[in-house]
Amino acid sequence: MLKTKLLLPLIIVLFAFANSGLQARVELGSDMLEVLKFEPLRGKRVGLLTNPSGINSRGVSTIQLLHRAPEVNLVALFGAEHGLDGKASAGKEVRDGTDQVTGLPVFSLYGPGPIRKPTEAMLRRIDILVYDLQDTGARSYTFISSMGMAMNACGKAGVEFMVLDRPNPLGGIRVEGPLFNPRFRSMVGQWPIPYVYGMTCGELARLLNKEGMIEHPCVLYIVPMRGWKRDMVWRDTGLSWKPTSPLVPHAHSPLFQVAMGMVGEIGGLDLGFGTQMPFELFGSAWLDANKVSRYLNALKLPGLNFRAIKTTIARGRYKGKTIPAVKVDFIDPVRAPLTPVNLYVIEAMRKEQGKDMIRIQNEAGKNWGLFDKVNGTNATRLDLQVGRSVDNIVESWRHGLEKFQSKRLPYLIYRSSK
């Protein structure tokens, strides 16, 4: 209890920063830690969980920031999926190593074994673990799984945990998508939250720590941002984007990843992987792109447009071939639905192309394990399998989303600009 009470003055000061309207530009948790002259880290052995997306508003990496600060004793680095350098492909395990710039040990939380959380041996080296990773706002992106699992391990070991808060690139208002069934818990779905949860990583950490979602709550510091508002998507922040992983190269990539990621888990369509437009299109040699784009545009989904294009396949059996495709364009990303787009595309394939993607893959003997884990449930697949309409599927989410909206309220740090 003593440690928790000692955090209160710091939290009050930082909340004042977070809700101040004095500055227009967004300053990140790492910026505010510097404003505080790294006071919460003084006298402690510090570990840092990050990758190249962990930069401050000036583009300085948090590794450099902490390593160069005389007030900070940075002793170890930790990497999540894709590794400390952010270059490993999805699902590829990464071994421990040594950082060539700082000479510090690098511990992989996506390593062989499989190691997915800090071990006791790793944590014996540190007094506090600092988290600075840019997530995408989707439950299936594994960084938030790593965050909560590391919080739990730190709570068990008596190690403190600090989140340097960052924007949710999808904004802090949108909550949508399928709800979580614990039967499908995995690295791509660890917590009982909606697919799109509308919280920053700092807000989510507070929720995990207080709502019994982790077994061992930790002593938790949140260093909030200044200038961020709930109704901001990434383009409103004025911040530079660093790729969080190979398939999330641009600031707009999280929008497309949520809108098309489930389609990608079914297979059968090219989604532009290996190009500069991952998740931004879907194509096939048999696709009537004009017909399908007309069908999708006729749905009048707010903030979205679909157009027929040609694309060259970058990977796989048909690499180098040019095929018809439909390009997805976000005209207004704040108003546009995201998760339902997957379902409308699947429905369009069935209605306009006579391609029931679920049935085709069933007949091919597909293992649906990863698809169901990404969804956090098998309900989406079973609904699609019996031909349930997209509108009915989306409506089935509503009650659970409303309950989550209420549950998250006590843990929100930031206000909307309106």
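Residues numbered from 1 in each chain as written. Predicted model: local features only at pLDDT ≥ 70, side-chain atom pairs only at ≥ 80, totals over all residues. Heavy atoms only, no water.

Topic: empty space enclosed by the protein
In this approach the atoms are scanned with a rolling probe the size of a water molecule, which exposes any empty space left behind.
Then comes step 1: As enumerated under the stated definition, the model contains 1 cavity of 30 Å³ or more in all.
Then comes step 2: Counted as a void, the largest cavity has a volume near 70 Å³.
Then comes step 3: Along the walls of the largest cavity sit I346, E347, R350, K355, D356, M357, I358, L384, G387, R388 and V390, which together make up its complete lining.
Then comes step 4: Breaking the lining of the largest cavity down by element, the ones donating at least two residues are α9 (339-353) and α10 (357-363).
Then comes step 5: At 3 residues, α9 tops the list of elements feeding residues into the lining of the largest cavity.
Then comes step 6: In terms of residue class, the lining of the largest cavity is built from 5 nonpolar, 1 polar and 5 charged. (1 Å grid on protein atoms, 1.4 Å probe; cavity = no way out; pocket = protein on both sides within 12 Å on 5 of 7 lines; lining within 4 Å. Points joined across faces, edges and corners; volume = space filled by probe spheres on them. Helix = DSSP H or I, 4+ residues; strand = E, 2+ residues; numbered from the N terminus. Nonpolar A, V, L, I, M, F, W, Y, C, P; charged D, E, K, R; others polar.)

With respect to the pattern of salt bridges
Then comes step 1: The tally for this structure, following the rule as stated, stands at 20 salt bridges.
Then comes step 2: Note that E176 is salt-bridged to R174, the shortest N-O span being 3.4 Å. Comparing E176 with R174, the two get one shared label, buried.
Then comes step 3: R307 serves as the salt-bridge partner of D329, at 2.5 Å between the closest nitrogen and oxygen. Here D329, found in strand β10 (residues 322-330), pairs with R307, found in strand β9 (residues 304-312); they are 22 residues apart in sequence, far enough to count as distant.
Then comes step 4: Look at D329 and you get buried, because its relative accessible area is 16%.
Then comes step 5: Here R307 falls in the partly exposed class, since its relative accessible area comes to 38%.
Then comes step 6: Taken together, the salt bridges that share partners define one network made up of E280, R307, K327 and D329. (Salt bridge = Lys/Arg side-chain N within 4 Å of Asp/Glu carboxyl O. Buried < 20%, exposed > 50% of the residue type's maximum accessible area, 1.4 Å probe, protein only.)

Some details on the layout of surface pockets
Then comes step 1: Counted as a void, the largest pocket has a volume near 650 Å³.
Then comes step 2: Lining the largest pocket are 27 residues, and of these E81, A90, V188, Q257 and E265 lie nearest its centre.
Then comes step 3: Going through the elements one at a time, α7 (253-266) and α11 (369-375) are the ones with two or more residues in the lining of the largest pocket.
Then comes step 4: The leading source of residues in the lining of the largest pocket is α7, at 4 residues.
Then comes step 5: Looking at the lining of the largest pocket, its residues break down into 13 nonpolar, 10 polar and 4 charged.
Then comes step 6: Of the voids in this model, the second largest pocket is the one considered here, and its volume is about 470 Å³.
Then comes step 7: At the level of elements, α3 (62-68), β3 (97-98) and β4 (105-108) are the ones that each hand at least two residues to the lining of the second largest pocket.
Then comes step 8: With 4 residues, α3 is the single largest residue contributor to the lining of the second largest pocket.

Everything listed here is a matter of coordinates, which is why it stays silent on function.
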